[in-house]
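Examining the three-dimensional arrangement
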Amino acid sequence: MGQTKSQFSDEELQDYEDLTFFSKKEILLAHKKFKSLAPEKVGHNKNAKLSMSKILQYPELRVNPFGDRICKVFSSSEDGDMTFEDFLDMMNVFSDACPKKLKAEYAFRIWDFDGDDMLGVSDLKQVIERLCGSENKLDDCDMKEIIHCILAEADFDDDGALSFPEFEHVTDKSRDFLNSFRIRL
């Protein structure tokens, strides 16, 4: 009694377990959280796709200045809309068990607004603006100074942008990176 049947077969759950850092119990919990965002849509349709606006109702994404970027990076359709598999992939990368290198790869993609595989001046400016928030807008002089300092510290080849290896070097030195790149189930 009180036992509900999973929408997933044992084989599907095993596949998800093999492809993630989650146990079957955690996978079912992730599905429960996904379903809670739109119970009427997910209900009995395990292949339902939720709009980015629904996904952004997830508490940790609602308050994250990069919530929309996170949705777009993990969306298989790249529009921010997510299936459960997209959501599970996102939660997997943000889990404590995910290796730092994989987290760094996704953080880099989230911050690479123009998708050119480099964090250039325009990407860094958008990152800083989002981190500061609209109520703490920096003037151009301060913005340029912060970007200059970032590039002076991390742009080892002096090309005016951060490549993934340069970004990864920064995340390796950061004590807070793993704590700030996490969402608990």
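Residues numbered from 1 in each chain as written. Predicted model: local features only at pLDDT ≥ 70, side-chain atom pairs only at ≥ 80, totals over all residues. Heavy atoms only, no water.

**As for the overall build of the protein chain**
Counting its secondary structure elements, the protein chain contains twelve helices and two strands. Tracing the protein chain from N to C terminus, the helices and strands come up as α-α-α-β-α-α-α-β-α-α-α-α-α-α. Once the C-alpha set of the protein chain is aligned to its principal axes, its extents read approximately 65 × 30 × 25 Å. Counting all 185 residues of the protein chain, 38% fall into the buried class. Of all intrachain contacts in the protein chain linking residues separated by at least 6 positions in sequence, the fraction that spans at least 24 positions is 54%. (Helix = DSSP H or I, 4+ residues; strand = E, 2+ residues; numbered from the N terminus. Buried < 20%, exposed > 50% of the residue type's maximum accessible area, 1.4 Å probe, protein only. Contact = heavy atoms within 4.5 Å.)

**Quick word on the pattern of salt bridges**
A complete count under the given rule lists seven salt bridges for this structure. In this structure, Arg-130 and Asp-68 form a salt bridge, with 2.5 Å as the shortest nitrogen-oxygen distance. Residue Arg-130 is located in helix 9 (residues 121-132), and its partner Asp-68 is located in helix 6 (residues 67-74); the two are separated by 62 residues in the primary sequence. The partner of Glu-129 in a salt bridge is Lys-125, and the shortest N-O contact between them spans 4.0 Å. With a gap of four residues between them, Glu-129 and Lys-125 both fall in helix 9, about one helical turn apart. (Salt bridge = Lys/Arg side-chain N within 4 Å of Asp/Glu carboxyl O.)

**Structural notes on helix 7 (residues 84-93)**
Of all ten residues making up helix 7, eight are buried, and the element is well covered by its neighbours. Within helix 7, burial applies to Phe-84, Asp-86, Phe-87, Leu-88, Met-90, Met-91, Asn-92 and Val-93.

**Some remarks on the packing of aromatic side chains**
If you walk through the whole model with that rule in mind, you get 14 aromatic pairs. Between Phe-177 and Phe-181 the ring centres are 5.5 Å apart and the planes differ by 20°, which places this aromatic pair in the stacked class. Owing to a relative accessible area of 8%, Phe-177 belongs among the buried residues under this scheme. We classify Phe-181 as buried; its relative accessible area is 8%. An aromatic cluster is present here, built from Phe-8, Tyr-16, Phe-34, Tyr-58, Phe-84 and Phe-87 joined pairwise through their rings. Just above the ring of Phe-113 sits the side chain of Arg-69; from NZ or CZ to the centre is 5.1 Å. (Phe/Tyr/Trp six-rings, centres within 6.5 Å; stacked < 30°, edge-to-face > 60°. Lys NZ or Arg CZ within 6 Å of the ring centre and 35° of its normal.)

**Notes on the domain arrangement of the protein chain**
According to the domain assignment, the protein chain contains domain 1 (13-94) and domain 2 (100-181). With eleven residues of domain 1 in contact, the opposing surface of domain 2 contributes twelve residues. In total, about 1,200 Å² of surface goes out of reach between domain 1 and domain 2, with carbon and sulfur atoms giving 67% of it. When the area that domain 1 buries against domain 2 is broken down by residue, the three leading residues are Phe-66, Arg-69 and Val-93, summing to 50%. One can count one salt bridge joining domain 1 with domain 2. At the junction of domain 1 and domain 2, the tally comes to seven residue pairs in polar contact (both at pLDDT 80 or more). Contributions of two or more residues to the side of domain 1 that touches domain 2 are made by helix 6 and helix 7. In terms of residue count, helix 6 provides more of the side of domain 1 that touches domain 2 than any other element does, five residues in total. (Domains from an automatic or database assignment. Buried area = accessible area lost by both parts, 1.4 Å probe. Polar contact = N/O pair within 3.5 Å; in protein donor to acceptor, adjacent residues only side chain to side chain.)

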